[in-house]
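Residues per chain, in single letters:
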Amino acid sequence: MPVTSNIIQRTFHLKYGSNVGSCFIFPRGDLVYLVTAKHLVFPIRSIDSLEIEHDSGWIEIETNLIGHGKGEEDVSVFSLKEDLRSDLPLEISMAGMTLSGDVHSLGFPFDMKTTHALNYGYPFPFVNKASVSAISETRDILFLDGQNNPGFSGGPIVLADKPNQVVGIICSYQLSHENVNSGIVQACPANVINRILGT
């Protein structure tokens, strides 16, 4: 099943200081949350602002830091003052994710993106396909078999057969002994987001 506008239009090009990567937003109850990789924004302070690309420039967005993942959990969660796409729901859950199952990840590799009038001035992310190679016993880390590049960090991972369900966040990739991209992608599972939110 192809990815839908629910995740395409909720994936954004993010900048904090000199760091550039990806993020996504989702509503829950009366609040809207932004999720990205911790290494892109740490050690952010609550008074700092994040920037999102819009109309080929960067705009500041008001956020409130909810929390960071513990230790090596490469996830940060913020609340937003306003929802950029309030009519597009997303589920944050690992339910139905299986070993060898297909997933898609979205983001902005090497700051690359495309534009389309349907996205209201926000750039379209790139979409990758991968399979779930390994899930840790404690379900605190995922490994995917697929290609990853700098700039995808912080982007969402969705089930291929249920593209409105986020199961993880892109964190990094494993280098081979020759110091090249091995194709093994490291990700944090969606339950880290729910743990930060206390749900």
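Every value quoted in this text rests on a predicted model; they were computed, and no experiment measured them.

**Details of the sheet that holds strand 5 (residues 57–61)**
Strands sit in the order 5-4-1-2-3-7-6 across an open sheet of seven strands; the sheet is antiparallel. Each end of this open sheet is capped by a strand with a single partner; those strands are strand 5 and strand 6 (63–68). Along the sheet, successive strands turn relative to each other by an average axial angle of 40°, direction set aside. With five bridges connecting them, strand 4 (residues 50–54) and strand 5 associate as antiparallel partners. The residue bridging E53 from the neighbouring strand is W58, located in strand 5.

**Topic: the pattern of salt bridges**
Considering all chains together, one arrives at three salt bridges under this definition. E53 is paired through a salt bridge with K113; the nearest N and O atoms lie 3.4 Å apart. On the criterion of sequence distance, the pair formed by E53 in strand 4 and K113 in the loop between strand 9 (102–107) and strand 10 (126–135) is long-range, its members being 60 residues apart. Exposure remark for E53: the relative accessible area of 8% places this residue in the buried category. One salt bridge connects R195 with E73, and the closest N-O pair in it is separated by 2.2 Å. Taken together, the positions of R195 in helix 3 (residues 190–196) and E73 in the loop between strand 6 and strand 7 (76–80) put the pair 122 residues apart, joining distant regions of the chain. A residue is classified by how much of its surface remains accessible, and R195, at 40% relative accessible area, is partly exposed. A relative accessible area of 13% places E73 in the buried class.

**Looking at the pairing of strand 3 (residues 31–36)**
The side chains of a regular strand alternate between the sheet's two faces. Most of strand 3 is tucked away, with five of its six residues classed as buried. Sheet analysis places strand 2 (residues 19–28) next to strand 3, joined by six bridges and oriented antiparallel. Each residue of the ladder has a partner; that of I25, found in strand 3, is L34. Between the antiparallel neighbours strand 2 and strand 3 lie two residues, among them G29 with a positive phi of about 65°. Judged from the four bridges that link them, strand 3 and strand 7 form a sheet pairing that is antiparallel. Residue pairing in the sheet places V35 in a bridge with V77 of strand 7.

**Quick notes on the nonpolar core**
Within the largest apolar cluster, 37 residues are counted, with the highest numbers of intra-cluster contacts made by F26, V75 and I193. The dominant element in this core, judged by the number of residues it contributes, is strand 13 (residues 162–175), at five residues. Contacts of F26, omitting those with residues within four sequence positions, involve R10, L31, V32, Y33, V35, L90, I92, I193 and L197. Residues F12, Y16, I52 and F78 belong to the second largest nonpolar core, which totals 17 residues.

**Considering the pairing of strand 11 (residues 142–145)**
What you see with strand 11 is a clean split: L142 and L144 sit on the buried side and F143 and D145 on the side with no burial. Pairing of strand 10 with strand 11 involves four bridges; the strand directions are antiparallel. From the neighbouring strand, S131 faces strand 11, where its bridge partner is D145.

**Examining the environment of Q9**
Here Q9 is to be found in the loop between helix 1 (5–8) and strand 1 (11–16). Classification of Q9 as buried rests on a relative accessible area of 9%. Between the alpha carbons of Q9 and I196 there is a distance of 24 Å; along the sequence they are 187 residues apart.

The rules behind each value
Residues numbered from 1 in each chain as written. Predicted model: local features only at pLDDT ≥ 70, side-chain atom pairs only at ≥ 80, totals over all residues. Heavy atoms only, no water. Pairing = 2+ DSSP bridges. Helix = DSSP H or I, 4+ residues; strand = E, 2+ residues; numbered from the N terminus. Axes fitted to C-alpha atoms, helices over the stretch in contact; angles between N-to-C directions. Salt bridge = Lys/Arg side-chain N within 4 Å of Asp/Glu carboxyl O. Buried < 20%, exposed > 50% of the residue type's maximum accessible area, 1.4 Å probe, protein only. Core = buried A, V, L, I, M, F, W, Y, C linked by side-chain atoms within 4.5 Å. Contact = heavy atoms within 4.5 Å.

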